[in-house]
Amino acid sequence: MESEKSILVVDDNAINREVLREILKTEYSVREAENGEEALRIMREMPDRILAVLSDIVMPLIDGFQLLEEISNDSKLGNIPIIVMTASSENQEEIKALRMGAWDFITKPYNPEVILCRLRNAIGRSEVAAAEQMRHMACHDQLTGIYNRVHFMKKTESMIKRNADKQFVFVYFEVDRFQLINTFYGAKEADSLIQYLAKILKLFAETYDLFTYGRMESDVFCFCMEYDADELEQMIDRAKSLLEQYGSDYDIEPNFGLYVVKDNRMPAEVMYSNASVAAKEGAGNYLKYFTYYTDEMDAKLKKEQEILNDMHRALENEEFCIYLQPKYNIHTNAIAGAEALVRWMHPEKGMISPGDFIPVFENNGFITNLDYYMWEETCKLLRSWIDEGLNPLPISVNVSRVDIYNSRLAESIVQLVDKYQLPHDLLEFEITESAYAFNPMILIKLVSDLHENGFTILMDDFGNGYSSLSILKDIEVDILKLDMLFLSNSKDTGRGENILASVIRMAKWLKIPVIVEGVETASQVNFLKSVGCDYVQGYYYAKPMSVGEYKKLRMKAEGFDGNLRNSDNDDFDVDSLFQSNPQMKVLFGDLLQALAIFEFDGQNMEFVRINEGYYDLFGSDDPAIRMGNPIEIVDSQYRDIVMNSFRTAVKTHGTAECDFIRYTATGASIWVNLKLRYLKEIGNKHLVLGLLDDVTAQKRIDFELTKYRQALIGEGRDGNIMMVVDDMPANRAILKKIFSDQYTIIEASDGMDALEKLNEAPNVSVILLDIVMPRMNGWDFLQHKRNLPAIANIPVIIISAEDKLNEQEIALDMGINDYIVKPFVPEIVKKRVSNAMDSIKFMQEAVRKYDSAAQMARIDRTTGLYHLDAATKIVDEYLEDFADDLNVMVTFAVDNFAETSRQYLEHYDESLVKKIGRIIKELFRRDDVGFRTDDDIFGVFAKNYKDLEKLKERLDEFIELVTADNSEDHVVIVCSIGAAFSPGAGKTFDELYENAEIARLNAKNTGENISSIYNERN
């Protein structure tokens, strides 16, 4: 019985409602309404909980026809099946109801089987409509109604491939500063603007034959069209004009990124990436609203790859070295300390600029390795100077936003500095202000921890972000660092100087020292002196220099000022991890789809770089990353397919695509679509770009649709053939005319003729069958059909000259799907057949989906045992009939399972989990129910187990087998077992499991590797 959704019975006659309730209660929950007005109230209060409505025609207040009219005007109720009930023998009421939206009708007096049959058909058809709606929602953006990202990409690729002789342009379209509109004007106004943007694209689509468009996210839209530069620019101008007509009290500045497609086989996601790179380049340029993608952006990616190839070797060979840039007291010109800067001395390329490699390392996370290396090298340097008897000044080192997400960063720093026995105030840490804007709480915690250990924190690039005042309020910054570049972007002469002077004065009020870096001219020095700046850093005083040069400079200095420190500080972030150059920012930041760059040598592949989208899709603990060789997580039957796709991309220097099954960290299998694009050759290896997408849901839908088609129409079946079996040529002619636009009609004069024609052509979709015929009547035909597998499942709708209840009941018992009463009324006949066929389609698809999902959900892939939910259902169903029998629930667990399992796997080929699953299946009977929980507790429900002594022997044997590999040198397994018998310890799975666990914990507390059987004293 449906526990939540109900059939709504609408009838002013209480006796009729009671009769219908009795008929329906075996399969449905029932709600009642005395008239149409009450029915509407119920339906509008709970539209999702009404399966169907049975409504009388003649009622007070609002009758059945008025109810149909109200429902047809309410979009929320339109998919609820309405079946009208009538006592009239005339067809006029029925036809009127059907034309007003009724799904079917039932005549009085009520026949239970007919009512239930009609309801099932109507509900089935409504589910089909709902499924169609869900499919539409899966392809379209809910707010705008246009294609969503996934479907837009598919449509675009299809359009471009179909028109291989044409050139296309892919356009990325957004509104500058949209987030500010959302913040200051609210989500409703932002949604309204987004819908307006979609209308603009719909307007453009009406003009062009080759045009796809969709909403990607937030305010980001894309469209693709045949490329014509002049026409495209005119379209952009028109879009700008339409946005000016929007009527808001804020400016709307569009930004278009354009990518002219060079290879029509290219994945649409790559086109999107290139177009979005162009858009990011053009953001903020209000004189020109569009920017074309250029090949130089791709060259940047290749250059970065060369850096990535060398980085590990460079660190191992100590090619990274410290350069020091002194900080000066602006009044005394004395050195007040230095900043440690990294330089890469490449053995072949010479010095590589930090501007080239630092953003790359920030993007791939290698910056954390480099930062720690620089910190340690600085500690070694300070230690060596102290050992030489020198009095070193503080040196500041840089902390990347990536470093800050290390929860033990402060602890690591303390350990490092203490390792070299340095005073904590000699090593200072510079953190950029932008870190605070991304994640203030993490930065606040880190700075607090560092301050507690006596370290000094400098806030670098202060004033360049959006959170400067918040930092001064929330964090006790030790030192502020400002850049003279702060002045360079000011169009108003003197405005930047006034702001800089105000910041310096404000810092003095807060007793926070300020260092201004980037000082290059005497006029800048004079200005900074005039506004009260105390410390400076820049080429005017000294450029970054080698350690040796700094030491000589320091030794020559007549004085020094080492008192450049102050108080407490705050927090930092890493959301800018993928924000270096424009293309990398898009590919590895803004692009939501999983993306990876692979290194491939023809036989093996390795990750070179992955983006945040990859982690979002597969998780941070993805086994492909841990294993190093991603092919190992691909299902064995698909590995050759994946490798051949890589080989194709390399061989053609183009693209390739494949679908495959892979496994996640939890052992679950998913379908992945992989689109590859060749990048470049490096030595004997190749760089290949891969876009990955989880297509499991689509694969399942495709799989179910395939099964549905095969089940519905059979192999080779047309799926659009109707057989009309009637001895009256006139009746066959009428039905042929009614259905000729939908079906190919095969006529048969009686049951024997029908069987002969079905033997020759069994590919019939539906049979309309008369009952009274010569030679072989309808009843005999149904009996023969039932015994012939090739045609047994073809739907049958009987044709009857009289509306006799007993005849209908016999037909329903024999498996027919519905019936039609002569004379034929086209609207009624079509509705009957349509309802029956839609219901059949839905039920076949639903059963297959249920079976598939149930099978996937029941079994734990690693052990072959049942999941807990599946075991619970199986056991509870069994106990409903055999709860009073002597059954036993056994639970088993290993102490410190995670660590023991890890140690076990280091020494044995089989995992401990698999071993336990294998032992359970070997020791217990096939029809016993073995299972594994999420907490790595294993269990068995043994049916009709009456021998207590044998059970104890079996449990002891279980422990002996599990612990057989115990070795002091390798791994020691300690386990415990509990058992509970029904009915004494419970009559449900949960009761027996709970009491078996009580017994197991009792065994665990008693000693090692023992079992215990539950009794109430446990």
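In this text, all values refer to a predicted model and were calculated from it rather than measured experimentally. (Residues numbered from 1 in each chain as written. Predicted model: local features only at pLDDT ≥ 70, side-chain atom pairs only at ≥ 80, totals over all residues. Heavy atoms only, no water.)

1. Digging into the overall build of the protein
Per the secondary structure count, the protein includes 36 helices and 36 strands. When burial is assessed residue by residue, the protein has 52% of its 1018 residues classed as buried. Residue pairs at least 24 apart in sequence account for 67% of intrachain contacts in the protein once pairs closer than 6 positions are excluded. Summing over all exposed atoms, the protein offers an accessible surface of approximately 47800 Å²; the carbon and sulfur share of this is 48%. (Helix = DSSP H or I, 4+ residues; strand = E, 2+ residues; numbered from the N terminus. Buried < 20%, exposed > 50% of the residue type's maximum accessible area, 1.4 Å probe, protein only. Contact = heavy atoms within 4.5 Å. Areas by Shrake-Rupley, 256 points an atom, 1.4 Å probe, with all protein chains shown as cover.)

2. So, unusual backbone geometry
Lysine 108 connects to proline 109 through a cis peptide bond whose omega is 0°. Along the chain, the position of proline 109 falls in the loop between β5 (104-107) and α5 (112-139). Note the cis peptide between lysine 822 and proline 823, where omega equals 0°. The residue proline 823 is located in the loop between β30 (818-821) and α31 (826-858) in this model.

3. Quick notes on helix α2 (residues 36-45)
Since one α-helical turn is 3.6 residues long, residues separated by three or four positions face the same way. Within the sequence span of α2, burial applies to Gly36, Ala39, Leu40, Ile42 and Met43. The arc that holds the buried residues of α2, viewed along the axis, is 165°, so those residues lie on one side. (Arc of directions from axis to C-beta.)

4. A word on the packing of aromatic side chains
Using the criterion set out here, one finds 37 aromatic pairs in the structure. With centroids separated by 6.2 Å and ring planes inclined at 90°, the aromatic side chains of phenylalanine 290 and tyrosine 292 adopt a geometry described as edge-to-face. In this structure phenylalanine 290 comes out as buried when scored by relative accessible area, which is 10%. Judged by its relative accessible area of 26%, tyrosine 292 falls in the partly exposed class. Their ring planes at 80° and their centres at 5.2 Å tell us that tyrosine 540 and tyrosine 541 sit as a pair that is edge-to-face. In this structure tyrosine 540 comes out as partly exposed when scored by relative accessible area, which is 40%. We classify tyrosine 541 as buried; its relative accessible area is 18%. Among the aromatic residues, ring-to-ring pairing joins Phe320, Trp344, Phe357, Phe361 and Phe366 into one connected group. Stacked on the ring of phenylalanine 65, the Lys or Arg lysine 96 has its end atom at 4.1 Å from the ring centre. (Phe/Tyr/Trp six-rings, centres within 6.5 Å; stacked < 30°, edge-to-face > 60°. Lys NZ or Arg CZ within 6 Å of the ring centre and 35° of its normal.)

5. Here's the deal with a negative patch on the surface
On the surface, Glu226, Asp228, Asp230, Glu231, Glu233 and Asp237 cluster together into a patch of negative charge. Sorting elements by how many residues they give to the negative patch places helix α9 (residues 229-244) first, with four residues. Mapping glutamate 233 onto the fold places it in helix α9. (Patch = residues over 30% accessible without salt bridge, like charges linked within 9 Å, V, L, I, M, F, W, Y side chains within 5 Å. Salt bridge = Lys/Arg side-chain N within 4 Å of Asp/Glu carboxyl O. Lys, Arg positive; Asp, Glu negative; His and termini not counted. Charge placed at Lys NZ, Arg CZ, Asp CG, Glu CD.)

6. Quick notes on the pattern of salt bridges
Counted by the stated rule, this structure contains 51 salt bridges. Note that glutamate 657 is salt-bridged to lysine 675, the shortest N-O span being 3.7 Å. Of the two residues, glutamate 657 is situated in strand β23 (residues 655-663) and lysine 675 in strand β24 (residues 669-682); the sequence distance between them amounts to 18 residues. Its relative accessible area of 41% is what places glutamate 657 among the partly exposed residues. By relative accessible area, which is 13% here, lysine 675 ends up buried. Two residues, glutamate 997 and arginine 1000, come together in a salt bridge whose shortest N-O distance is 2.7 Å. Of this pair, glutamate 997 and arginine 1000 both sit in helix α36 (residues 989-1006), three residues apart, which is roughly one turn of the helix. Since its relative accessible area comes to 12%, glutamate 997 is described here as buried. Note on arginine 1000: relative accessible area 7%, which makes it buried. Taken together, the shared-partner salt bridges connect Lys327, Glu339, Glu428, Glu430, Lys481 and Glu517 into one network.

7. So, the sheet that holds strand β8 (residues 220-226)
The five strands lie next to each other as β7-β8-β6-β9-β10, forming an open sheet whose pairing is mixed. What marks the edges here is a single partner per strand, and that holds for β7 (211-217) and β10 (290-292). Between one strand axis and the next, the sheet turns through 20° on average, direction left out of account. Pairing between strand β9 (residues 254-260) and β10: three bridges, direction parallel. Pairing of phenylalanine 256 across the sheet is with phenylalanine 290, part of β10. The sheet strands contacting helix α6 (residues 149-162) are β6 (168-175), β7 and β8, and the helix crosses β7 at an angle near 155°. Sheet strands in contact with helix α8 (residues 187-205) are β6, β7 and β8, and its direction is about 165° off that of β7. (Pairing = 2+ DSSP bridges. Axes fitted to C-alpha atoms, helices over the stretch in contact; angles between N-to-C directions.)

8. Observations concerning the side chain of aspartate 928
With respect to the element layout, aspartate 928 can be found in the loop between α34 (912-923) and β33 (929-932). A polar atom in the side chain of aspartate 928 sits 3.0 Å from the side chain of arginine 925. Side-chain polar atoms of aspartate 928 contact the backbone nitrogen of lysine 943, separated by 3.1 Å. Excluding residues within four positions of it along the chain, aspartate 928 makes contact with Val940, Phe941, Ala942 and Lys943. (Polar contact = N/O pair within 3.5 Å; in protein donor to acceptor, adjacent residues only side chain to side chain.)

9. Quick word on the pairing of strand β4 (residues 82-86)
Extensive coverage of β4 is indicated by the burial of five of its five residues. Residues Ile82, Val84 and Thr86 line one face of β4 and the alternating positions Ile83 and Met85 line the opposite face, and both faces are buried. As paired elements, strand β3 (residues 50-56) and β4 share four bridges and run parallel to each other. For serine 55, the partnering residue across the bridge sits in β4 and is valine 84. For the segment spanning β3, helix α3 (residues 64-72) and β4, crossover handedness is right-handed. Bridging between β4 and β5 involves four bridges; their strand directions are parallel. From the neighbouring strand, valine 84 faces β5, where its bridge partner is phenylalanine 105. (Right-handed = clockwise from strand over helix to strand, strands pointing away.)

10. What to know about the confidence of the model for the protein
The pLDDT averaged across the protein works out to 82; a share of 85% of its residues lies at or above 70. This stretch, residues 558-590, has a pLDDT under 50; its non-local contacts, to residues over four places away or in other chains, come to 146 contacts. Per-residue pLDDT stays below 50 along residues 706-718; that stretch engages in 19 contacts with residues further than four places along the chain or on separate chains. (pLDDT = per-residue confidence, 0-100.)

11. Some words on the pairing of strand β1 (residues 6-10)
Counting buried residues in β1 gives five out of five residues, a clear majority hidden from the surface. Covered by surrounding structure in β1 are Ser6, Leu8 and Val10 together with Ile7 and Val9, the residues of both alternating faces. Inspection of the sheet shows β1 paired to β3 by five bridges, in the parallel sense. When the sheet's bridge partners are listed, valine 9 is paired in β3 with leucine 54. Taken together, the five bridges between β1 and strand β2 (residues 29-33) define a ladder with parallel strand orientation. Directly across from valine 10, in β2, lies its bridge partner alanine 33.

12. Some remarks on the nonpolar core
In this structure, Phe170, Phe320, Phe361 and Leu528 are the most contacted members of the largest nonpolar core, which totals 110 residues. Broken down by element, this core gets its largest block of residues, nine residues, from helix α13 (residues 367-387). Setting aside chain neighbours within four positions, we find leucine 528 in contact with Ile330, Met484, Leu500, Ile504, Val516, Val519, Cys533 and Val536. Counting 35 residues, the second largest nonpolar core, distinct from the first, contains Phe173, Phe221, Phe256 and Tyr289. (Core = buried A, V, L, I, M, F, W, Y, C linked by side-chain atoms within 4.5 Å.)

13. Details of the environment of alanine 239
Mapped onto the elements of the fold, alanine 239 is located in helix α9. Between the C-alpha atom of alanine 239 and that of leucine 201, which follows or precedes it by 38 residues, the distance is 8.7 Å. Contacts of alanine 239, omitting those with residues within four sequence positions, involve Ile200, Phe204 and Phe256.

14. A word on the environment of histidine 140
Along the chain, the position of histidine 140 falls in the loop between α5 and α6. Sequence separation between histidine 140 and arginine 215 is 75 residues; the distance between their C-alpha atoms is 8.7 Å. Apart from the residues within four sequence positions on either side, histidine 140 is in contact with Gly145, Ile146, Tyr147 and Asn148.

15. What about the sheet that holds β23?
One open sheet holds the five strands; their spatial order is β22-β21-β25-β24-β23, and the pairing between them is antiparallel. Each edge of the open sheet carries a strand with a single partner, namely β22 (605-610) and β23. Looking at each pair of strands side by side, their axes are set apart by 35° on average, direction ignored. Taken together, the 10 bridges between β24 and strand β25 (residues 685-694) define a ladder with antiparallel strand orientation. Its bridge partner being in β25, lysine 680 is matched across the sheet by leucine 687.

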